[in-house]
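# Remarks on the overall topology
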Amino acid sequence: MKDAPAIPEILTAVAPMAVDRGVERAASFIIAGDLVAIPTETVYGLAADATNDRAVAKIFEAKGRPSFNPLIVHVADLDMARRYADFPPLAEKLARAFWPGPLTLVLPRKKDCGLSLLVSAGLETVALRAPKSPIARQIIDKSGRPLAAPSANRSGSISPTQAEHVRDSLGRRVRLIFDGGACSVGIESTIIKVDGDRAVLLRPGGLPRADIERIVGMPLEAPAAASIEAPGMLSSHYAPNARLRLNAAAPEKDEAYLGFGAMASDGDAALNLSAAGDLVEAAANLFAHLRSLDAICAENNLSGIAAAPVPMQGLGEAINDRLKRAAAPRL
Ligand code: TXA
Ligand code: MG
């Protein structure tokens, strides 16, 4: 791995620090153009001032992203979002229904809106989300800046749902890691592109399709086959090191097991996403369990991870999407 510690100074988890002081510190780093890892309800984000080109560029450097993929810009609310994008009535309806929360809207970007061009990676659109996590919201308020923030992990690896995942993955590449505990949703936001009165599902995520379709009043559209809107849509992504085998009723002898619901086999190399078969609990556990099983495979020389089938209802769509990517042949 290529290591280029861009930002040598580091101040890790500030859990013991009063939240107010932590927020103040994080906000001052953001204003100074530094990177701060922040908790959101979905996954930890690697945040920078979205109006500062250099700061946004540091995100790509820290993540080791192969190219300039567009980034989600985090805002406090709909009012703030309107500064950066045009909101057709359908987008406004969705924002009112689901913000703050795990929904990202891809919308036509306003000219001269002050956002770095890098956050849109050359597209005429911008992805916006108002996160629910109080810490993320306070940092946006305190800094007065919109925050560009992809998941706080090196490119292609598993998204972080705990502060220590961020430290393990990014370490000295980030100025401050704000420890807000485990993320309650645990899976990235659902991304919807709103184009006039059409709603296209670019990425399934923490907000189930059915909830959105109830507001839209019709089925979400699939993206046009040729468009690579979200790199999360590309083959190998969210990948553990260990090989992943899907829809496995049970593990082979030399496999670790990621279970769901009633589990025939348990033991040291088996973890359950949700013994009760609860898809919300399963989403919250997904990335942390993949990390743990990956480590167990390495320590015990196991051949890979077998994953139980997960039903396609509700958050099951996003869970299966991430599992499929994690199992895809590596690039
Ligand atoms: O829950 C989340 O969404 C987390 C937290 C931190 O908010 N963020 C996250 O960011 O997952 P990231 O960068 O890992 O994924 C953002 C996705 C990418 O697949 C990107 O291509 C897509 O959003 N995206 C961003 N702007 C876009 C745009 N203008 N058009 C299409 N896709 C866009
Ligand atoms: Mg990511």
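Preceding this paragraph is the structure being described.
So, here's what we can say about the structure. (Residues numbered from 1 in each chain as written. Chains lettered and ligands numbered in written order. Predicted model: local features only at pLDDT ≥ 70, side-chain atom pairs only at ≥ 80, totals over all residues. Heavy atoms only, no water.)

Counting 68 residues, the largest nonpolar core has F87, L94, W99, L105, L128 and I192 as the members making the most contacts within it. Leave out the neighbours within four places in its chain, and I192 touches L94, L103, T104, L105, V106, A199, V200, L201, I212 and L220. (Core = buried A, V, L, I, M, F, W, Y, C linked by side-chain atoms within 4.5 Å. Buried < 20%, exposed > 50% of the residue type's maximum accessible area, 1.4 Å probe, protein only. Contact = heavy atoms within 4.5 Å.)

A few words now on the pairing of strand 2 (residues 45–49). The element strand 2 is largely enclosed, with a buried count of 5 among its 5 residues. Relative to strand 2, strand 1 (residues 36–38) runs antiparallel, the two being bridged by 3 bridges. When the bridges of strand 2 are listed, A37 appears paired with L46. The antiparallel hairpin formed by strand 1 and strand 2 contains 6 residues in its connecting segment. Pairing of strand 2 with strand 6 (residues 147–148), which is carried by 2 bridges, proceeds in the antiparallel orientation. Counterpart to A48 in the pairing with strand 6 is A148. (Helix = DSSP H or I, 4+ residues; strand = E, 2+ residues; numbered from the N terminus. Pairing = 2+ DSSP bridges.)

If you walk across this open sheet you meet the 9 strands as 7-1-2-6-3-5-4-8-9, and the pairing is mixed. The sheet is open, and its two edges are formed by strand 7 (176–177) and strand 9 (198–203), each paired on a single side. Relative to strand 6, strand 3 (residues 72–74) runs antiparallel, the two being bridged by 2 bridges. Across the sheet, H74 pairs through a bridge with L147, a residue of strand 6. Each of strand 2 and strand 6 is contacted by helix 2 (residues 53–63), which is oriented at about 155° to strand 2, the strand it contacts most. (Axes fitted to C-alpha atoms, helices over the stretch in contact; angles between N-to-C directions.)

What follows deals with the layout of surface pockets. Taken as a whole, the second largest pocket spans an internal volume of roughly 490 Å³. Every residue lining the second largest pocket is counted, 22 residues in all, and those nearest its centre are S157, D168, S169, N241 and R291. By residue number, the principal contributor to the lining of the second largest pocket is helix 8 (residues 279–300), which donates 5 residues. Of the residues assigned to the lining of the second largest pocket, the class counts are 7 nonpolar, 8 polar and 7 charged. (1 Å grid on protein atoms, 1.4 Å probe; cavity = no way out; pocket = protein on both sides within 12 Å on 5 of 7 lines; lining within 4 Å. Points joined across faces, edges and corners; volume = space filled by probe spheres on them. Nonpolar A, V, L, I, M, F, W, Y, C, P; charged D, E, K, R; others polar.)

The final tally for this structure, using the stated rule, is 18 salt bridges. Among the ionic pairs, R145 bridges to D49, the shortest N-O distance being 2.9 Å. Note that R145 is positioned in the loop between helix 5 (134–143) and strand 6 and D49 in strand 2, a separation of 96 residues in sequence. R145 gets classed as partly exposed once you look at its relative accessible area, which sits at 25%. Note that E221 is salt-bridged to R198, the shortest N-O span being 2.8 Å. Separated by 23 residues along the polypeptide, E221 in the loop between helix 7 (209–216) and strand 10 (244–245) and R198 in strand 9 bring together distant segments of the chain. (Salt bridge = Lys/Arg side-chain N within 4 Å of Asp/Glu carboxyl O.)

Read across the sheet, 4 strands follow the order 10-13-11-12 without closing on themselves; strand pairing throughout is parallel. Because the sheet does not close on itself, it has two edges, and the strands there are strand 10 and strand 12 (270–272). In this structure, strand 10 lies alongside strand 13 (residues 304–307), joined through 2 bridges in parallel fashion. Paired with R245 across the two strands is A306, which belongs to strand 13. Contacting strand 10, strand 11 (255–259), strand 12 and strand 13, helix 8 runs over the sheet at an angle of about 165° to strand 11.

Attention now goes to helix 2. Considered for burial, the residues of helix 2 that qualify are A55, V56, K58, I59, F60, A62 and K63. Looking at the buried positions of helix 2, the neighbouring elements they touch are strand 2, strand 6 and helix 6 (163–170). One side-chain oxygen of the residue at the start of helix 2 lies 3.0 Å from the amide nitrogen of R54, identifying that residue as N52. Of the residues trailing helix 2, G64 is marked for its positive phi of about 65°. (Polar contact = N/O pair within 3.5 Å; in protein donor to acceptor, adjacent residues only side chain to side chain.)

Here the structure, examined in full by the defined rule, presents 1 aromatic pair. Considering the side-chain rings of F87 and W99, the 6.1 Å spacing of their centres and the 80° angle between planes classify their relative orientation as edge-to-face. Pair noted here: F87 is in the loop between helix 3 (78–82) and helix 4 (89–98) and W99 is in the loop between helix 4 and strand 4 (103–108), with a separation of 12 residues, a long-range link. The class of W99 is buried, set by a relative accessible area of 11%. One residue, R82, lies across the ring of F87, its end atom 5.9 Å from the ring centre. (Phe/Tyr/Trp six-rings, centres within 6.5 Å; stacked < 30°, edge-to-face > 60°. Lys NZ or Arg CZ within 6 Å of the ring centre and 35° of its normal.)

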